[in-house]
Amino acid sequence: MSLPARLQAALDLIRSLPKELKAQVLLDYAKRVPTPTQEVELERVPECQTPFFLRAEVVEGRVRLHFLVPDEAPTVKAFAGLLKEGLEGEPPEAVLAVPPGFYRGAGLEELLTPLRLRGLEAALLRLQDQVRRALPSG
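Here the structure is a predicted model, which is why all the values come from computation and not from measurement.

1. A look at the pattern of salt bridges
The full count for this structure, using the stated rule, is eleven salt bridges. For Arg-126, the salt bridge identified is with Glu-43, shortest N-O distance 2.7 Å. In this pair, Arg-126 sits in helix α5 (residues 114–134) while Glu-43 sits in strand β1 (residues 43–44), placing the two residues 83 residues apart along the sequence. You can call Arg-126 buried: its relative accessible area is 18%. For Arg-126, the salt bridge is made with Glu-47, and the minimal N-O distance between the two is 3.4 Å. Placement of Arg-126 in helix α5 and of Glu-47 in the loop between β1 and β2 (53–59) is noted, with a sequence separation of 79 residues between them. On the basis of relative accessibility, which here comes to 45%, the residue Glu-47 falls in the partly exposed class. Through salt bridges that share partners, Glu-43, Glu-47, Arg-126, Asp-129 and Arg-133 make up one connected network.

2. Considerations on the packing of aromatic side chains
The relation between two aromatic rings is expressed through the spacing of the ring centres and the mutual angle of the planes. Under the counting rule described, the total for this entry stands at two aromatic pairs. Each ring, one from Phe-52 and one from Phe-67, has its centre 6.1 Å from the other, and the planes form 35°; the classification is tilted. Taken as a pair, Phe-52 in the loop between β1 and β2 and Phe-67 in strand β3 (residues 62–68) lie far apart in primary sequence, 15 residues in all. No difference in accessibility class separates Phe-52 from Phe-67, as the two residues are buried.

3. Thoughts on the nonpolar core
Core analysis: the largest hydrophobic core is formed by 42 residues, its most contacted members being Phe-52, Phe-67, Leu-83 and Phe-102. Filtering out sequence-adjacent residues up to four positions away, Phe-67 remains in contact with Val-33, Pro-34, Pro-36, Phe-52, Phe-53, Leu-54, Ala-80, Leu-83, Lys-84 and Leu-127.

4. Observations concerning the pairing of β2
One face of the sheet, then the other: side chains in a regular strand alternate in exactly this way. As paired strands, β1 and β2 are joined by two bridges and run antiparallel to one another. By the bridge assignment for β2, Arg-44 is matched with Phe-53. Sheet analysis places β2 next to β3, joined by seven bridges and oriented antiparallel. Bridge pairing links Phe-53 to Leu-68 in β3. The hairpin formed by β2 and β3 contains two residues between the paired strands, and Glu-60 there has a positive phi angle of roughly 50°.

5. Describing the environment of Asp-71
Positionally, Asp-71 belongs in the loop between β3 and α3 (74–87). Sequence-wise, Asp-71 and Val-33 are 38 residues apart; in three dimensions their C-alpha atoms are separated by 10.0 Å. A polar contact of 2.4 Å, which involves the side chain of Asp-71, links it to the side chain of Lys-77.

Reading the values: the criteria
Residues numbered from 1 in each chain as written. Predicted model: local features only at pLDDT ≥ 70, side-chain atom pairs only at ≥ 80, totals over all residues. Heavy atoms only, no water. Salt bridge = Lys/Arg side-chain N within 4 Å of Asp/Glu carboxyl O. Helix = DSSP H or I, 4+ residues; strand = E, 2+ residues; numbered from the N terminus. Buried < 20%, exposed > 50% of the residue type's maximum accessible area, 1.4 Å probe, protein only. Phe/Tyr/Trp six-rings, centres within 6.5 Å; stacked < 30°, edge-to-face > 60°. Core = buried A, V, L, I, M, F, W, Y, C linked by side-chain atoms within 4.5 Å. Contact = heavy atoms within 4.5 Å. Pairing = 2+ DSSP bridges. Polar contact = N/O pair within 3.5 Å; in protein donor to acceptor, adjacent residues only side chain to side chain.

Following this line, the structure appears as structure tokens:
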């Protein structure tokens, strides 16, 4: 499986760490999620129990990502941060090629429940759908 370089690097880092440091890295990703501007219309990820809103845009041939997740949901916000870190600025084709289970093998299963991981997959699928719709042929 070929992932965008920054996403692969993030997963490799998580994979290399002991469990307690994996959690810290995820919290660091959560802190990197900026608050979106008012002009961006966000879509809710209904598969997530936590209010999780996102928008993927294609601007000048690159994907731009926007997320809104409450600070009280650090795990979900970490997902947003991981996706932002790994996919922001990539060409649409690279984002569309990321498989739903891209995180498998990175050790996230040690920290997160299957329900949380399905939420991460749902967020990726929703982003990919938005990217598809933003393309001229979409």
